Amino acid sequence: MDFRFTEEQERFRQKIRSFLTKELPPDWLTGGAPEDETDEWWRFTQKFLKKMGDNGWISATWPKEYGGQERPTWEDALLGEELAYIRAPAQDYWFRWKMIAALLLHFGNDEQRKQHLPGIASGQVYWCQGFSEPGAGSDLGGVQVKAQDKGDYFLVNGQKIWTTGAHRAHWCFAPLMSDPDAPKRSRMLSMFLIDMKSPGITVRRLESLEGVAHLCETFFDDVKVPKENMVGERGRGWLAAMALVNIERSGLGFASMPQRILEQFVEYCKETKLNGRPLAENPLIRHKLAEMAIEIQVCRLLAYRVAWVQATNQDVTSVGAIIKLFGSELMQRVVATGLEILGPYAQLVPGSGHARLAGNITRDYMWNLSLTIAGGTSEIQRIIIATQGLGLPRM
Amino acid sequence: MDFALSEEQEMLRNSSRDFLVKECPKTLVRQMEEDKTGYSPALWKGMAGLGWMGLAYPETYEGSGMTFLDLAVLIEELGRAIVPAPFINTVVYCGMPILMAGNDEQKKEFLPKIAKGEMIMSLAFTEPSATWKPDGVEVKATAEGDHFLISGTKLFTQDAHTANYLLVVARTKESKNKAEGITLFLVDAKSPGIKLTPLKTMGSDKQFEVVFTKVKAAKKNILGKLDHGWEVIEKMLPYGILAQCAWMVGGAQQVLEMTVNYAKERVQFGRPIGSFQAIQQKCANMVTDVDGARFIAYEAAWKLSEGMPCALEVSMAKAWVSEAYRRTCAEGHQIHGGIGFIKDHDMQLYYRRAKASELAFGDSDYHRELVAQQIGL
């Protein structure tokens, strides 16, 4: 057992930190960030993502053959941890790059890799994820969007939902129903790469409660997808989707995002007085923040465990589900506790007069509802842990 | 970063688990609950034969020179088997202070005996004030010639009846700073003036009220420096706390496994209850608690073992593991249904005993306050 990072890893972390310090405005976390999904935000985000590409960080772990540096997977994990800590812009884009790159590297053919990997590495070609459908949420195997074999292309019809970022995406990766007559549900799907400029695609943005409209619905109406855009074997889309979901669930950011909030509240409680005394002297508040710190520590270790499991090529399914479950619920607890500490100021959103901590925690309180749902609900994670981790019988 | 046990630790874990499955079945645990001594000398001898007591002591004192992290791996297995023996008390609470603060003579006298299983010791620390802070130490030791006379009452003293020696925390000087003026004494447990009254505990472990009436302790039996005993206690505490954490992790792991096995076998409505999502959700919560407890305990033990500062991690571990163990036992009981709380069943042994570990050297609330101080509040 050894809970240390190597010197090399620490040096890499420092490199990321100095990059982030340089590229993000000094008041980034205290009100300086542009409002999500505004034009100003997108311009800033594009520049930021391109710089990540320029640094070689998107492709760092890939084989050299495809422009990567074959860096250890730990570096990707550390990058995710630091991006989440500082709340870097558009982390979901970065995450989807990880997923699509893994898809291409594990299941794609050489041509597909050569076509798509350079754009991903550059940080300038955006992807969305076409997994869920109105009738296929937790039950992802219930995908119904059809891909009919028409010889040299597939004809795609149907609706996807939660295609986050689809309104800006160049490409979409999606499991589609290609073989409805297969004997098993898991053999009916194939994975496709879809050019978002294809005729017949309509994107509708969905606005969520915090006022950001980046969750999307995507409609396919007689969309022609060339045959060469199928990734991996026909009828094996379910397998590929499950492998990607494991990646989606195993981020180190689950601990570092709440860590930052904890640090903000420790400062806030030392500076803020109630009835003439700093909040930090109130035993109840001390208790709450200490509990936050302890749970974050547990979360960090559960997250590092996943990174270690990945680095040592063990199965990540159950431990990934554990960190997704614990991390998402922890973030909600931490934010809810933070709002308790803010008292009546908890109501003030970013941009409001008198907002505390730039209103960010209040926005998180709205936004983080999605954490225990997106990427598999907490209940689904628990079923995965119970059946795949503990071997309990399926329903 | 490496979450795996070393090869040596794997071997230690496997061999200790095998030994305890054979030599410490639950029939023995139950028998010892009713037994007056509360431990089996045969088992104790067997444990000593395997070198367990001296595992983390230097070879000079008949130890094996292994690390505290290695010892934590062993203690996890003891907790898994809820071994009824004064192991942590003797080896960690008393042995470690002797190792850290004893003079040559004391180390040579006590440590090899502990290592060989020939010496049982008990820490006489808490009093009716029931606090782990120095101001709770009111038992007095007054100098008289070449010895001290100890008077007062200790409470919740474990294994005092089988101990050969007590390590007594006593006040030798009144001062404003309550951490000053405390002295540790190695006291022969059979000394005249010591009166033991057994307490009846939920865990059926052997705890006592120990009343000292002018008990003689020779000056040469002071451990460490006169009036500076609290410094030794403070040095011992992280070891004691993390020993308890490792013990709880072992217990929690066993409860998890028993419960998952039961959920696979128990059939209701025509199928194993483990196929019901309500049960699966609980089991997933349990394993999350147990894994979290394991890592937070081992990270702290690793830091302590490596000589790194770890006050924050130690308190975090104690706060989290104590509650995670309690939750795991409670969920385990819920899944076991009625049978789990029948005395013949093993579940209730863990549930009843978890409390003592949770309380040892401060419960979760106590350690959360220490965490608050450490994070800058």
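Quick caveat: nothing in here was measured; it's all calculated off a predicted structure. (Residues numbered from 1 in each chain as written. Chains lettered and ligands numbered in written order. Predicted model: local features only at pLDDT ≥ 70, side-chain atom pairs only at ≥ 80, totals over all residues.)

## So, the overall build of chain B
Stated precisely, the cut-off is as follows: Only DSSP runs of H or I covering at least 4 residues are called helices, and only runs of E covering at least 2 are called strands; the numbering of each starts at the N terminus. Between the two quantities, the radius of gyration covers C-alpha atoms and the globule rule is 2.2 Å times the number of residues to the power 0.38. Residues with at least 20 other C-beta atoms within 10 Å of their own are called buried, those with 12 or fewer are called exposed, and the rest are partly exposed. The C-beta atoms themselves are positioned from the backbone. It is the C-beta atoms, placed from the backbone, that decide contacts: two residues are in contact if theirs lie within 7 Å.
Within chain B, the secondary structure is distributed over 11 helices and 10 strands. Whereas a compact globule of 377 residues would reach a radius of gyration of roughly 21 Å, chain B reaches 21 Å, a difference of no more than 12%. C-alpha extents for chain B along the principal axes are approximately 80 × 50 × 40 Å. Counting every position in chain B, which comprises 377 residues, the buried fraction comes to 53%. The long-range share in chain B, meaning contacts at least 24 apart out of those at least 6 apart in sequence, stands at 73%.

## Things to note about the overall build of chain A
Tallying secondary structure elements over chain A gives 11 helices and 10 strands in all. At 22 Å, chain A has a C-alpha radius of gyration in line with the 21 Å of a compact globule built from 395 residues. Its C-alpha atoms give chain A principal-axis dimensions of roughly 75 × 50 × 45 Å. Counting over 395 residues, chain A shows a buried share of 45%. Of all intrachain contacts in chain A linking residues separated by at least 6 positions in sequence, the fraction that spans at least 24 positions is 69%.

## Considerations on the domain arrangement of chain B
All names here are of chain B. The line we're drawing: As annotated, the domain borders come from an automatic or database domain assignment. Under the scheme applied here, ten amino acids are nonpolar (Ala, Val, Leu, Ile, Met, Phe, Trp, Tyr, Cys and Pro), four are charged (Asp, Glu, Lys and Arg), and all others, including Gly, are polar.
Entries for chain B in the domain assignment read domain 1 (7-118), domain 2 (123-228) and domain 3 (231-374). On a C-alpha basis, the centroid separation for the pair domain 2 and domain 3 is 30 Å. Counting from both sides, the interface comprises nine residues of domain 2 and, opposite them, nine residues of domain 3. The residue inventory of the side of domain 2 that touches domain 3, partitioned by class, reads five nonpolar, three polar and one charged.

## Brief notes about helix α5 (residues 110-122) of chain A
Residues and elements named next belong to chain A. For clarity, the threshold we go by: The span one expects for a helix is its residue count, reduced by one, times 1.5 Å. The bend at a residue is defined as the angle formed between two axes, one fitted to the seven residues ending at that residue and one fitted to the seven starting there.
Between its first and last C-alpha atoms α5 spans 19 Å; for 13 residues at 1.5 Å apiece the expected length is 18 Å, and the two agree. At His-116, α5 is bent by approximately 35 degrees, the largest bend along its length, and proline Pro-118 sits one to four residues beyond. Taken residue by residue, α5 has His-116, Leu-117, Ile-120 and Ala-121 as its buried positions. Tucked inside the fold, the buried residues of α5 contact α2 (39-54) and α4 (91-107). Once α5 ends, the next one or two residues include Gly-123, with phi positive near 75 degrees.

## Considering the environment of Ser-370 of chain A
For Ser-370 of chain A, the position within the fold is in the loop between α10 (360-367) and α11 (378-389). Taking the C-alpha atoms as reference points, Ser-370 of chain A and Gln-332 of chain A, separated by 38 residues in sequence, lie 9.8 Å from one another.

## Some remarks on the interface of chain B and chain A
Facing the 36 residues of chain B at the interface are 37 residues of chain A. Those elements that place two or more of their residues in the side of chain B that touches chain A are α7 (229-265), α8 (277-305), α9 (311-336) and α11 (364-374) of chain B. The dominant element in the side of chain B that touches chain A, judged by the number of residues it contributes, is α8 of chain B, at 14 residues. When the residues that make up the side of chain B that touches chain A are grouped by side-chain class, the tally is 22 nonpolar, eight polar and six charged.

## A word on the packing of α9 of chain B against helix α10 (residues 347-359) of chain B
Residue and element names in this part refer to chain B. Rule in force here: Comment: axis = line fitted to C-alpha atoms, over the contacting stretch for helices; angle = value between 0 and 180 degrees taken between N-to-C directions. Roughly parallel covers angles under 35 degrees, roughly antiparallel covers those over 145, roughly perpendicular covers 65 to 115, and oblique covers all other angles. The hand of a helix crossing depends on one turn: near helix anticlockwise from the far one by less than a right angle means left-handed, and clockwise means right-handed.
Closest axis-to-axis distance for the α9/α10 pair is 10 Å, and the angle between their directions is 165 degrees. One way to sum up the angle between α9 and α10 is to call them roughly antiparallel. Note that α9 runs across α10; the crossing there is left-handed. In this structure, α9 contributes Ser-322, Tyr-325, Arg-326, Cys-329, Gly-332, His-333 and His-336 to the contact, and α10 contributes Met-347, Tyr-350, Tyr-351, Ala-354, Ser-357 and Glu-358. The class makeup of the residues in the contact of α9 with α10 is six nonpolar, five polar and two charged.

## Some words on the domain arrangement of chain A
Residues and elements named next belong to chain A. For chain A, the assigned domains read domain 1 (7-125), domain 2 (129-237) and domain 3 (250-389). At the interface, 11 residues of domain 1 touch 11 residues of domain 3. For the side of domain 1 that touches domain 3, the residue count by class is six nonpolar, four polar and one charged.

## Observations regarding the nonpolar core
Inclusion rule: To form a nonpolar core, buried Ala, Val, Leu, Ile, Met, Phe, Trp, Tyr and Cys residues must be joined through C-beta atoms within 7 Å.
Counting 238 residues, the largest nonpolar core has Phe-185, Leu-242 and Ala-297 of chain B as the members making the most contacts within it. Non-local contacts of Ala-297 of chain B, meaning those with residues more than four positions away in its chain, are made with Leu-242, Cys-245, Ala-246, Val-249, Ala-317 and Val-321 of chain B.

## Observations regarding the confidence of the model for chain B
Spelled out, the test is: Confidence per residue, as judged by the predictor, is encoded in pLDDT with a range of 0 to 100.
When pLDDT is averaged along chain B, the result is 97; 100% of the residues meet or exceed 70. As a predicted assembly, this complex carries a pTM of 0.94 together with an ipTM value of 0.93.

## Here's the deal with the pairing of strand β3 (residues 153-161) of chain A
Residue and element names in this part refer to chain A. Going by this rule: Strands are labelled as partners when DSSP assigns at least two bridges between them.
Examined bridge by bridge, strand β2 (residues 146-149) and β3 share four bridges and lie antiparallel to one another. Bridged to Ala-147 within β3 is Val-156. The turn joining β2 and β3, which pair antiparallel and follow one another in sequence, is formed by three residues; a positive phi near 95 degrees is taken by Gly-151. Note that β3 and strand β7 (residues 215-226) share eight bridges and pair antiparallel. Pairing of Gly-158 across the sheet is with Phe-220, part of β7.

## Observations regarding the environment of Val-187 of chain B
Residue and element names in this part refer to chain B. Inspection of the secondary structure puts Val-187 in strand β5 (residues 182-188). Separated by 30 residues in sequence, Val-187 and Ala-217 have C-alpha atoms that sit 6.0 Å apart. Setting aside residues no more than four positions away along its own chain, Val-187 makes contact with Ile-150, Tyr-165, Leu-166, Val-168, Val-215, Ala-217 and Asn-221.

## As for the pairing of β5 of chain B
Residues and elements named next belong to chain B. Burial analysis of β5 places six of its seven residues in the buried class, the great majority of the element. Alignment of strand β4 (residues 165-171) against β5, held across seven bridges, turns out to be antiparallel. What sits directly across from Arg-171, in β5, is Ile-182.

## Re the packing of helix α9 (residues 317-342) of chain A against α11 of chain A
Residues and elements named next belong to chain A. It is at 9 Å that the axes of α9 and α11 come closest, and there the two elements cross at 150 degrees. As far as their axial angle goes, α11 and α9 are roughly antiparallel. For α9 against α11, the interelement crossing comes out left-handed. Taking contact as the criterion, the partners of Thr-317, Ser-318, Ala-321, Ile-322, Lys-324, Leu-325, Ser-328 and Glu-329 in α9 are, on α11, Ser-378, Gln-381, Arg-382, Ile-384, Ile-385, Gln-388 and Gly-389. Among the residues forming the contact of α9 with α11, the class breakdown is five nonpolar, seven polar and three charged.

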